[in-house]
Amino acid sequence: MSSRFGAIAATLLLATSARAGEPWPHNDLETLLAAGAGAPAQRTTFLRAMLDGKMCALTDRQVPDDLSKLDRHASYRILAVQAPDGQPATPIFTAPERVAEAFPGMFPLCLKGSILLTKMRGGRVIVDPGQPYGLLLSPDELDHVLGVERTASILGVQFTTPESPPTALVAALKDKLSAIAEIKGAWLALAYWPEQKEWAWYLELHTDAPHKPVEDVIDAATLGVDMQGKPMDTSILPPDAPPGKGIALFVR
């Protein structure tokens, strides 16, 4: 399973248009997005709020305000745009009025953020284009935000001990995880996933503790820590499993 937020190295975009001088933000989500500009560690708070809150996509048809009245056979095309780097991305907005401001004549399709973003998997997503602050998520970063688990067989993954250990990451994980008595051992390795052609950190824990609280501790431990541009995957095994791979954070 993937650690959802610690690995995100999304690009924070600052608008250079005149709009940047206008009063901003207008709602709680925009307050959190702006906070991430001055403190990257705060970006995690925005990402969580984005998944739980209402976000709006761009479509070319009027959508009923009351979605319960929506024709179940109706379909709405979510539109992509050109991002500041010249490549396509699907825009998503922190409020319906932001759609009209950025793209007059287009219409907002507003859903819970996690539902809307799931429909955008496989492509890049740009948050609040044309506004003073925005965020650009790559397809891999979007999957990590959504908590998508990898499906590649673990048998094909190559594990190594990093030549230059990530000192800050090792210290943070050891400090937070060793405080949980139910965790009997923790290891950190460098893994290469051949299907994704991607290097990632691989955290192996031996415990029978409930997974959700442990995952929350991992998110807190990696918040603001330099991940060297790599995502992190977590494997939780029984306490009596064979020793893990890579750097032994602690064993008891």
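Look up: the structure comes first, before these words.
Residues numbered from 1 in each chain as written. Predicted model: local features only at pLDDT ≥ 70, side-chain atom pairs only at ≥ 80, totals over all residues. Heavy atoms only, no water.

1. Some words on the nonpolar core
Worth spelling out the cut-off: To define a nonpolar core, start from buried Ala, Val, Leu, Ile, Met, Phe, Trp, Tyr and Cys residues and group those joined through side-chain atoms within 4.5 Å. Think of it in three bands: with a 1.4 Å probe and only protein chains considered, a residue is buried below 20% of the maximum accessible area for its type, exposed above 50%, and partly exposed in between. For helices the rule is a DSSP run of H or I covering at least 4 residues; for strands it is a run of E covering at least 2, with both sets numbered from the N terminus onward.
Among the nonpolar cores identified, the biggest contains 24 residues, and Leu173, Leu177, Leu188, Leu203, Leu205, Met232 and Leu249 are the most heavily contacted of them. Secondary-structure elements contributing two or more residues to this core are helix 6 (167–177), strand 9 (183–193), strand 10 (198–207), helix 7 (211–222), strand 11 (232–237) and strand 12 (247–251). The leading source of residues in this core is helix 6, at five residues. Core analysis: the second largest hydrophobic core is formed by 22 residues, Leu29, Val127, Leu137 and Val145 among them.

2. A closer look at the state of the cysteines
Stated formally: Throughout, disulfides are identified as pairs of cysteine sulfur atoms within 2.5 Å of each other.
Under the criterion given, the structure shown has one disulfide. At a sulfur-sulfur separation of 2.0 Å, the disulfide partner of Cys56 is Cys110. In this structure the cystine formed by Cys56 and Cys110 twists about its S-S bond by roughly 100 degrees; its chirality is therefore right-handed. On the criterion of sequence distance, the pair formed by Cys56 in strand 2 (residues 54–59) and Cys110 in strand 5 (residues 107–112) is long-range, its members being 54 residues apart. Like Cys110, Cys56 is buried.

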